[in-house]
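Spelled out, the chains give:
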Amino acid sequence: MLMAREAVLGGAERGGKSVPRGRRTRAAAAGAHGGVHTTYVEVKASALSDKALFEFSHNEFLFAQQAGDDYHIYRVLSAWRADARIVRIVNPYLQFRTQRIGLCITL
């Protein structure tokens, strides 16, 4: 059950680990035993429906590695349109390590 409490984080601390700057939502959900679980969500949006590439900074990648399954990327395609769709990537670091997603380098 998602609690109504959400916060935007930027450059904050998470258990001694630095959260990268930028727009990040922390959604707290009640766990099965009454505990609170935090999921970090990074939203990457594009007005195009077929734009597969998006920027993912070094700090975001490092934080994704630290947060593991608690870090999600929500990729919004056709943003701001009625036919918008969302693709969720849970634990992008693991997805990269298991070759389910790739990284692109630019100069």
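Located above this text is the structure these notes cover.
Analysis parameters
Residues numbered from 1 in each chain as written. Predicted model: local features only at pLDDT ≥ 70, side-chain atom pairs only at ≥ 80, totals over all residues. Heavy atoms only, no water. Salt bridge = Lys/Arg side-chain N within 4 Å of Asp/Glu carboxyl O. Buried < 20%, exposed > 50% of the residue type's maximum accessible area, 1.4 Å probe, protein only. Helix = DSSP H or I, 4+ residues; strand = E, 2+ residues; numbered from the N terminus. Arc of directions from axis to C-beta. Phe/Tyr/Trp six-rings, centres within 6.5 Å; stacked < 30°, edge-to-face > 60°. Contact = heavy atoms within 4.5 Å. Core = buried A, V, L, I, M, F, W, Y, C linked by side-chain atoms within 4.5 Å.

On to the pattern of salt bridges. Counted according to the given criterion, the structure contains three salt bridges. Residues Glu-42 and Lys-44 are paired through a salt bridge, measuring 3.8 Å at the closest nitrogen-oxygen approach. There is no split in this pair, since Glu-42 and Lys-44 are both buried. As a salt-bridge pair, Glu-60 and Lys-44 come within 3.2 Å of each other at their nearest N and O atoms. Residue Glu-60 is found in helix H1 (residues 58-67), and its partner Lys-44 is found in strand S5 (residues 36-45); the two are separated by 16 residues along the sequence. Since its relative accessible area comes to 7%, Glu-60 is described here as buried. Connected through shared salt-bridge partners, Glu-42, Lys-44 and Glu-60 make up one network.

Bringing H1 into the picture now. Since the α-helix packs 3.6 residues into each turn, any two residues three or four apart lie on the same face. Three or more residues of H1 are buried, namely Glu-60, Phe-61, Phe-63, Ala-64 and Ala-67. Projected down its long axis, H1 carries its buried residues within an arc of 165 degrees, all on one side.

This part takes up the packing of aromatic side chains. Per the counting criterion, the structure on display carries six aromatic pairs. Between Phe-61 and Phe-96, the ring centres sit 5.7 Å apart and the planes meet at 80 degrees, which makes this aromatic pair edge-to-face. Note that Phe-61 is positioned in helix H1 and Phe-96 in helix H2 (residues 92-97), a separation of 35 residues in sequence. For Phe-96, a relative accessible area of 30% gives the class partly exposed. One aromatic cluster is present, formed by Tyr-40, Phe-56, Phe-61, Phe-63, Tyr-71, Tyr-93 and Phe-96 through successive ring pairs.

We classify Phe-61 as buried; its relative accessible area is 16%. Placed 32 residues apart in sequence, Phe-61 and Tyr-93 show a C-alpha to C-alpha distance of 6.8 Å. If sequence neighbours within four positions are ignored, Phe-61 has contacts with Phe-56, Tyr-93, Phe-96 and Leu-103.

Structurally, Val-43 can be placed in strand S5. Separated by 32 residues in sequence, Val-43 and Arg-75 place their C-alpha atoms 6.1 Å apart.

Residues Tyr-40, Phe-61, Phe-63, Ala-64, Ala-67, Tyr-71, Ile-73, Ile-89 and Tyr-93 constitute the largest nonpolar core, which totals nine residues. Contributions of two or more residues to this core are made by H1 and strand S6 (71-77). Here this core gets four residues from one element, more than from any other, and that element is H1. When near neighbours in sequence (up to four residues on either side) are disregarded, Ile-73 contacts Glu-42, Lys-44, Phe-54, Phe-56, Val-87, Arg-88, Ile-89 and Pro-92.

Here Ile-105 is to be found in the segment after H2. The sequence separation of Ile-105 and Glu-55 amounts to 50 residues, and the corresponding C-alpha distance is 9.7 Å.

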